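Descriptive analysis of the structure
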Amino acid sequence: MKLGFLICDHELIATGVKVTPVDDYHALIAEFHKKGRVSRGWILPPVKRVTHSKHERVVFKNTEALENSHIFAMPSTHDIEVDSGGEDKSKFMILALGFLYGLYLAPAGFHYMYRVAYEPGKLTGIKPVRMDVEKGLSYISEKYDQLSTSERGQLYAAIYWFLAGQSASNVWERFDSQYKVLDGIYKISGIGRCTHAKRPSELALAYGLNPPSWAAIPVHSNTCKLASLRNELVHEAKFHRKPIGYSNPGENIDIEFRAFNLKLICAFIGLQTPYITASVSSEWISTWDMA
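Read on for an overview of the structure. Note that the structure is a prediction, hence the values are computed from the model and not measured. (Residues numbered from 1 in each chain as written. Predicted model: local features only at pLDDT ≥ 70, side-chain atom pairs only at ≥ 80, totals over all residues. Heavy atoms only, no water.)

1. Things to note about the overall build of the chain
Quick note on the threshold: The helix count covers DSSP runs of H or I at least four residues long, the strand count covers runs of E at least two residues long, and both are numbered beginning at the N terminus. All radius of gyration figures rest on C-alpha atoms, and the globule criterion is 2.2 Å times the number of residues raised to 0.38. Only protein chains enter the area calculation, which uses a 1.4 Å probe; residues under 20% of their type maximum are buried, those over 50% are exposed, and those in between are partly exposed.
Looking only at helices and strands, the chain has nine helices and 14 strands in total. A compact globule built from 291 residues should have a C-alpha radius of gyration of about 19 Å, and the chain, at 21 Å, falls within 12% of that. Overall, the C-alpha framework of the chain stretches about 65 × 55 × 35 Å when taken along its three principal axes. In the chain, which comprises 291 residues, the proportion classed as buried is 46%.

See the structure below:
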């Protein structure tokens, strides 16, 4: 199964998984370097001409207006082979490959929304070194084989939205995406029923993570800051006590929430990396150092 878009010119071999560059890989990368629309690690969508009403064509002088495409395709740079599991597992391992590189990778024929990261580590803050990707693929392949069909589907959804949800431009949209990821991991965690206010701290306890400050429930309160932000956004069209777009949280929750979810995903899968126990407020750029 073909996949893209990944800048990696060597073969990757893990337990039951093999990833190889396509025959015209170097030509594709050369074309990307020649014509790619990029900014700070992101590939920007192609632009297209917009249409105008009859009135606009008469009144307005500028009829050359352009807008970004909402969805777009990228060329396939690699092939993936799995020893078992067929097409479903191939698609899952494509997502896993992207996760380990800190990118959203998709099977051929899939489309991207808004923008897509190309710089390794862009979506995770983690750049793989040495054999990190091969070891990570082996762990994830083994975990996939252990899960039920419904658990596989939920883990796929959580990883996919953790990565793809970061393409959004606004912080409240990214927050909403990451909250869905948190709920997705909670669903398959095996933790008993609990309120939204308790879920972050219960997940941290279950997986041995250092709970962030915004997951704590203060004395004389029945909710944590994360749940409060979520409830306002979902039910009141507000974010950080103001109408959406008028205020952002004081803490760097945009990065810290992603870091917390990343640790949850890693812990659920069983990846052997010291990153799991690092603080969510620690330096953003890190390495897996996979055991």
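2. Quick notes on helix α3 (residues 86-101)
Count 3.6 residues to each turn of an α-helix, and residues three or four apart come out pointing the same way. Which entries qualify depends on this criterion: One less than the residue count of a helix, multiplied by 1.5 Å, gives the span that helix is expected to have.
For α3, with 16 residues, the first-to-last C-alpha span of 23 Å sits near the 22 Å given by 1.5 Å per residue. With 12 of 16 residues buried, α3 is to be regarded as a mostly interior element. Of the residues making up α3, those classed as buried are Lys 89, Ser 90, Phe 92, Met 93, Ile 94, Leu 95, Ala 96, Leu 97, Gly 98, Phe 99, Leu 100 and Tyr 101.

3. Observations regarding the state of the cysteines
To be explicit about the condition: Note on terminology: disulfide denotes any pair of cysteine sulfur atoms within 2.5 Å.
Applying the stated rule across the entire model yields zero disulfides. Free of any disulfide, Cys 8 has its nearest neighbouring cysteine sulfur in Cys 266, separated by 19 Å. Relative accessible area serves as the criterion here: at 5%, Cys 8 is assigned to the buried category.

4. Details of the layout of surface pockets
The condition that has to hold: Lining residues are defined by having an atom within 4 Å of a point belonging to a cavity or pocket. Those points lie on a 1 Å grid over the protein atoms alone, cavities being sets where a 1.4 Å probe fits but cannot get out and pockets being open sets with protein on both sides within 12 Å along at least five of seven lines. Grid points are joined across faces, edges and corners, and a volume is the space filled by probe spheres set on the points. When residues are sorted by character, Ala, Val, Leu, Ile, Met, Phe, Trp, Tyr, Cys and Pro go into the nonpolar class, Asp, Glu, Lys and Arg into the charged class, and all the rest, Gly among them, into the polar class.
As a volume, the largest pocket reaches approximately 260 Å³. Considering every element that reaches the lining of the largest pocket, the biggest residue donor is helix α1 (residues 25-35), with four residues. Here the residues of the lining of the largest pocket sort into 12 nonpolar, one polar and three charged. Met 113, Tyr 114, Trp 161, Ala 164, Gly 165, Ser 167, Ala 168, Ser 169, Glu 173, Asp 176, Ser 177 and Lys 180 are the residues that line the second largest pocket. Breaking the lining of the second largest pocket down by element, the ones donating at least two residues are α5 (149-164) and α6 (171-188). At four residues, α6 tops the list of elements feeding residues into the lining of the second largest pocket.

5. Some remarks on the environment of Arg 115
Convention followed: For this analysis, residues touch if any pair of their heavy atoms sits within 4.5 Å.
Here Arg 115 is to be found in the loop between β11 (112-113) and β12 (116-117). A C-alpha to C-alpha distance of 28 Å links Arg 115 and Phe 268, two positions 153 residues apart in sequence. Other than its neighbours up to four places away in sequence, Arg 115 contacts Trp 42, Ile 43, Pro 45, Phe 72, Gln 166, Ser 167, Ala 168 and Arg 174.

6. A short note on the side chain of Thr 273
Tracing the backbone shows Thr 273 in the segment after α9 (253-269). For Thr 273, a relative accessible area of 8% corresponds to the buried category. Beyond its immediate sequence surroundings of up to four residues, Thr 273 is in contact with Trp 288 and Met 290.

7. Details of the pattern of salt bridges
Here is the rule we go by: Any carboxyl oxygen of Asp or Glu that lies within 4 Å of a side-chain nitrogen of Lys or Arg is treated as forming a salt bridge with it.
Counted by the stated rule, this structure contains 12 salt bridges. In this structure, Lys 91 and Glu 87 form a salt bridge, with 3.2 Å as the shortest nitrogen-oxygen distance. Of this pair, Lys 91 and Glu 87 both sit in helix α3, four residues apart, which is roughly one turn of the helix. Taking the relative accessible area as the measure of exposure, Lys 91 reaches 25% and is therefore partly exposed. Lys 180 serves as the salt-bridge partner of Asp 176, at 2.6 Å between the closest nitrogen and oxygen. A residue pair is termed a helical-turn pair when its members lie 3 or 4 positions apart in one helix, as Asp 176 and Lys 180 do in helix α6 at four residues.

8. Focus on the packing of aromatic side chains
To keep it simple, the criterion reads: What counts as a ring pair is set by centres within 6.5 Å for rings of Phe, Tyr and Trp (its six-membered ring), and what kind of pair is set by the plane angle: stacked under 30 degrees, edge-to-face over 60, tilted for all other angles. Placement of a charge over a ring requires the Lys NZ or Arg CZ to be within 6 Å of the ring centre, with the centre-to-atom vector within 35 degrees of the ring normal.
Under the criterion given, the structure shown has 17 aromatic pairs. Relative to Trp 288, the ring of Phe 99 lies with its centre 6.0 Å away and its plane at 40 degrees, an arrangement referred to as tilted. Remark: Trp 288 occurs in the segment after α9 and Phe 99 occurs in helix α3; sequence separation between them is 189 residues. Taken individually, Phe 99 and Trp 288 each receive the classification buried, so the pair is uniform in this respect. Ring geometry for Tyr 160 versus Trp 161: centroids 5.6 Å apart, planes at 35 degrees, classification tilted. For Tyr 160, a relative accessible area of 23% translates into the label partly exposed. Take Trp 161: its relative accessible area is 26%, and that puts it in the partly exposed class. The rings of Phe 175, Tyr 179, Trp 214, Phe 239, Phe 257 and Phe 260 are connected pair by pair, giving a single aromatic cluster. Seen from the ring of Phe 268, Lys 143 lies directly overhead, with NZ or CZ sitting 4.7 Å from the centre.

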